[in-house]
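Chain by chain, the residues:
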Amino acid sequence: YYNPELSQFSLGEDHPMVPNRLHLTHRLAELWGLFEDPNVTIVREYAPATTAQLRRFHTDEYIAFLDMTPEEQQEKLGDDLAMFGLSGGDCPIFPGLLKYVGLQAAGSILAARDLASGACDVAVHWGGGMHHGMPYRAFGFCYVNDLVLAVLELMQGCGRVLYIDIDVHHGDGVETAFKRSEKVLSISLHKWDDGRMQRPVFFPGTGKKNDLGEGQGKYYTVNVPLQDDIQDDSYYAVYSSVVKAAFEKFKPQAVVLQCGCDSVAGDKLGRFNLSIRGHARCGRAGGCESGPGAGRGGADWRIPLLVTGGGGYTPPLVARCWALETAVLLGRSLSEQMP
């Protein structure tokens, strides 16, 4: 799911989020010949999500603000902007904002619908994965939470959903949405630092290991806080053991895998030391790298799988990582030499 318009927006000259990374990813995958596979269909032409679709998770007041003209938004200086998380530099107001977030959401919603209907087994939307978006405000470069909207679609069409987040930052928006639900098991592996030992809190400062959900959703939230510089083997050992246990105990009927690649070494904002291949290894079903069906890429999961992007702030690194992960999902191997 790739609408080229999404890559043409700009959040500002110096903003870490560079939508053009999506064009780089798509072009690199194209040069590798990944789209020549007869099993691959590229969905390009789709409209932005409607305000009604966005309101499935976000508040009426917040979406109404996003739906205003830029001139009307600028008149709301002060308390309104701060309330909606738009007063600082992380989530600026810019021309075409509603279309930008609408396209992010639409790709994930359409992908989830196609998975639920059986139109595909694996769906990829590198333009999604905005896991910090909150019901009533923008947060951490994320204006709307396409992941929550996609999970809602999969819950309706498939049933129990396993959400896995391998971004270096905690998937706080998704956890907020489903922490009281026993129908969604949310797993987040992330860098965590609470600010002790005279170090700054690592954004967003949430996701402690004893944050387990609430009410009926108690124990359906799994947080795996990690420290700086973790490498491939250690990371995958944790990832595979947690995901394997989730499959055995929760028995999901669909999976959403958020593949933010700011957890790869060399990212401008990350703190981990994963290689691109180590990160891509998580695209295979955790704990399912041997046995019947292994080696079929995304088919290893054996249930509907939605894969999204997320963080990633060094665009050439993002393109290499997500192009490789596209290949992994297709069961393809790529050489070290760039095309």
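Rules used in this analysis
- Residues numbered from 1 in each chain as written.
- Predicted model: local features only at pLDDT ≥ 70, side-chain atom pairs only at ≥ 80, totals over all residues.
- Heavy atoms only, no water.
- Pairing = 2+ DSSP bridges.
- Helix = DSSP H or I, 4+ residues; strand = E, 2+ residues; numbered from the N terminus.
- Axes fitted to C-alpha atoms, helices over the stretch in contact; angles between N-to-C directions.
- Contact = heavy atoms within 4.5 Å.
- Buried < 20%, exposed > 50% of the residue type's maximum accessible area, 1.4 Å probe, protein only.
- Right-handed = clockwise from strand over helix to strand, strands pointing away.

J.: Could you clarify how one ought to interpret the sheet that holds strand β4 (residues 221-226) in this entry?
T.: Sheet strands pair via backbone hydrogen bonds, and the direction of the pair is either parallel or antiparallel. With parallel pairing, six strands are arranged side by side in an open sheet as β1-β6-β5-β2-β3-β4. For this open sheet the edge positions go to β1 (122-125) and β4, each flanked by a neighbour on one side alone. Here the strands of the sheet are splayed against their neighbours by 10° on average, with no regard to which way each runs. As judged from the four bridges shared by β1 and strand β6 (residues 305-308), these two strands associate in the parallel manner. Counterpart to V124 in the pairing with β6 is V307. Each of β2 (161-165), β3 (184-191), β4 and β5 (254-258) touches helix α9 (residues 232-250); the most contacted strand, β3, lies at about 170° to it.

J.: I'm lost on the pairing of β2 in this one. Help?
T.: Two faces belong to every sheet, and in a regular strand the side chains alternate between them. The buried count for β2 comes to five of five residues, which makes it a mostly enclosed element. Here β2 shows no split at all, with V161, Y163 and D165 on one side and L162 and I164 on the other all buried. Pairing of β2 with β3 involves five bridges; the strand directions are parallel. By the bridge assignment, D165 is partnered in β3 with S188. The handedness of the β2 to β3 crossover, carried by helix α8 (residues 172-178), is right-handed. Relative to β5, β2 runs parallel, the two being bridged by five bridges. Bridged to I164 within β5 is L257.

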